[in-house]
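Geometric and topological summary
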Amino acid sequence: MFAQFFGSYLLNHDAVAPNDLIAAISMLADTHIKLGTLAMHMGYMTAAEVDEVCFLQTREDKRFGEIALERNYLFDEQLDELVKTQIPDYLLLGQTLVDMGCISNSELEELMVGYQNESQLNEDSVSNETAETTSRLLTSFFKDAGKEISEYELMYMNLVFNNLIRFIGEDFTPLAPVACKQYDINCCVTQRISGPINCTSSLDMTEEIAIAFASRYAKMDFTEFDEYVEASLEDFLNLHNGLFSVNMSNMYSEELTLDPPVQEEGPVLELTDDSFVIPVIYPFGTIYLLLTM
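Residues numbered from 1 in each chain as written. Predicted model: local features only at pLDDT ≥ 70, side-chain atom pairs only at ≥ 80, totals over all residues. Heavy atoms only, no water.

This brings us to the overall build of the protein. Within the protein, the regular secondary structure consists of 13 helices and ten strands. In terms of C-alpha radius of gyration, the protein reaches 19 Å, essentially the compact-globule figure of 19 Å for 293 residues. Each of the three principal axes of the protein carries a C-alpha extent, and together these read 45 × 45 × 40 Å. The buried share of the protein, reckoned over its 293 residues, is 48%. Residue pairs in contact within the protein that sit at least 24 positions apart in sequence constitute 68% of those at least 6 positions apart. Accessible surface, the protein as shown: approximately 14,200 Å² in total, 49% of it carbon and sulfur. The averaged location of the 49 negative side-chain charges in the protein is 5 Å from the averaged location of its 14 positive side-chain charges. (Helix = DSSP H or I, 4+ residues; strand = E, 2+ residues; numbered from the N terminus. Rg over C-alpha atoms; globule rule 2.2 N^0.38 Å. Buried < 20%, exposed > 50% of the residue type's maximum accessible area, 1.4 Å probe, protein only. Contact = heavy atoms within 4.5 Å. Areas by Shrake-Rupley, 256 points an atom, 1.4 Å probe, with all protein chains shown as cover. Lys, Arg positive; Asp, Glu negative; His and termini not counted. Charge placed at Lys NZ, Arg CZ, Asp CG, Glu CD.)

Take a look at the structure:
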């Protein structure tokens, strides 16, 4: 998740133009080697095993390596070797921007130091992304926007970004969260969670962007906005909130109830004082995450 938030840091500090960052992130997605692909290349896992682990990630909020270890598809030493073989996306993004001529090496060095200091990262954090380091990263992200994030909000948003990476693509950059009491909607799907925690989450985008989003999620080539695209948006939000519910049960023994996701009629979504919206920039356009908790 370092590359995504490094991109946000670069935009916040006017180090690169948004179009250049999007281009660099798109190139990064093409060059990044996923752990499963690397495991197949090394002969540690079969394609069927990789597919199974990827499927299980839609049922459990766990990293690829965690599930592979549990299924005995990888040994600890093999996973360590694969992790060390991967180049951190955060560094790869910076080098891509240098290669594009957007920044110099000296500027990259200065920006990396600033990013590490602001996000309280060290060399071990960069080479070994853990729940603790991503929590610090997210806390810093919200704090820079003037928002103190609760423990539950932190867990929820961490899962959001992980699920975007898993199911939509890692070629995105989140922009700073903004407090919001009214929101003008385009194509918006909402789901409510009730129980010990009452939460309402929404996903909004234009119809054109929804087609691209749904195509990535469903791994199908949608060409027009229809009920299948709408169903894909609903399914993504329901999948995410379902995983959040499982996490709450496993970690806090709290049982949550999910209402069915619904399409908002609009044109304005009325929110409460503690609501916020996060724009997330993809090459195909910007999606908007709204959360009231």
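With that out of the way, let us pick up the nonpolar core. Here is a general trend for soluble globular proteins: nonpolar side chains tend to be buried in one another's company. One finds Phe 6, Met 157, Phe 161 and Leu 164 to be the most contacted residues of the largest nonpolar core, which totals 70 residues. With nine residues, the top contributor of residues to this core is helix α11 (residues 151-167). One finds Val 50, Ile 67, Tyr 73 and Leu 74 within the second-largest nonpolar core, a separate group that totals 14 residues. (Core = buried A, V, L, I, M, F, W, Y, C linked by side-chain atoms within 4.5 Å.)

This part takes up the pattern of salt bridges. Using the criterion set out here, one finds six salt bridges in the structure. Among the salt bridges present, the one from Glu 52 reaches Arg 71, with a minimum N-O distance of 3.0 Å. One end of the pair, Glu 52, is in helix α4 (residues 47-56); the other, Arg 71, is in the loop between α5 (64-70) and α6 (76-85), with 19 residues separating them in the sequence. With a relative accessible area of 26%, Glu 52 lands in the partly exposed category. Judged by relative accessible area, which is 39%, Arg 71 ranks as partly exposed. (Salt bridge = Lys/Arg side-chain N within 4 Å of Asp/Glu carboxyl O.)

Looking now at the packing of aromatic side chains. What the rule picks out here adds up to 15 aromatic pairs. Ring plane angle 80° and centroid distance 5.5 Å describe the contact between Phe 142 and Phe 276, whose orientation is recorded as edge-to-face. Taken together, the residues span a long stretch of sequence, with Phe 142 in helix α10 (residues 131-144) and Phe 276 in strand β9 (residues 275-282) at a distance of 134 residues. As far as the burial class goes, Phe 142 and Phe 276 line up, both buried. Their ring planes at 50° and their centres at 5.4 Å tell us that Phe 172 and Tyr 282 sit as a pair that is tilted. With a gap of 110 residues between them, Phe 172 in the loop between α11 and β1 (173-174) and Tyr 282 in strand β9 connect regions that are remote in the sequence. Here the aromatic cluster, defined as three or more aromatic residues joined through ring pairs, consists of Phe 5, Phe 141, Phe 142, Phe 161, Phe 172, Phe 276, Tyr 282 and Phe 284. (Phe/Tyr/Trp six-rings, centres within 6.5 Å; stacked < 30°, edge-to-face > 60°.)

Here strand β5 (residues 199-205) lies mainly inside the structure; six of its seven residues are buried. Bridging between strand β4 (residues 187-194) and β5 involves seven bridges; their strand directions are antiparallel. Considered in β5, the bridge of Cys 187 is made with Met 205. A loop of four residues connects β4 with β5, the two strands running antiparallel in sequence, and Gly 195 in this loop sits at a positive phi of about 140°. Examined bridge by bridge, β5 and strand β10 (residues 285-292) share five bridges and lie antiparallel to one another. Pairing of Ser 202 across the sheet is with Leu 290, part of β10. (Pairing = 2+ DSSP bridges.)

Attention now goes to the side chain of Gln 191. The topology assignment puts Gln 191 in strand β4. A polar atom in the side chain of Gln 191 sits 2.7 Å from the side chain of Asn 238. Not counting residues within four places of it along the chain, the set of residues in contact with Gln 191 comprises Cys 199, Thr 200, Ser 201, Leu 237, Asn 238, Asn 241, Leu 258, Asp 259, Pro 260 and Pro 261. (Polar contact = N/O pair within 3.5 Å; in protein donor to acceptor, adjacent residues only side chain to side chain.)

As a further point, take the environment of Met 1. Mapped onto the elements, Met 1 comes out in the segment before α1 (2-12). You can call Met 1 buried: its relative accessible area is 8%.

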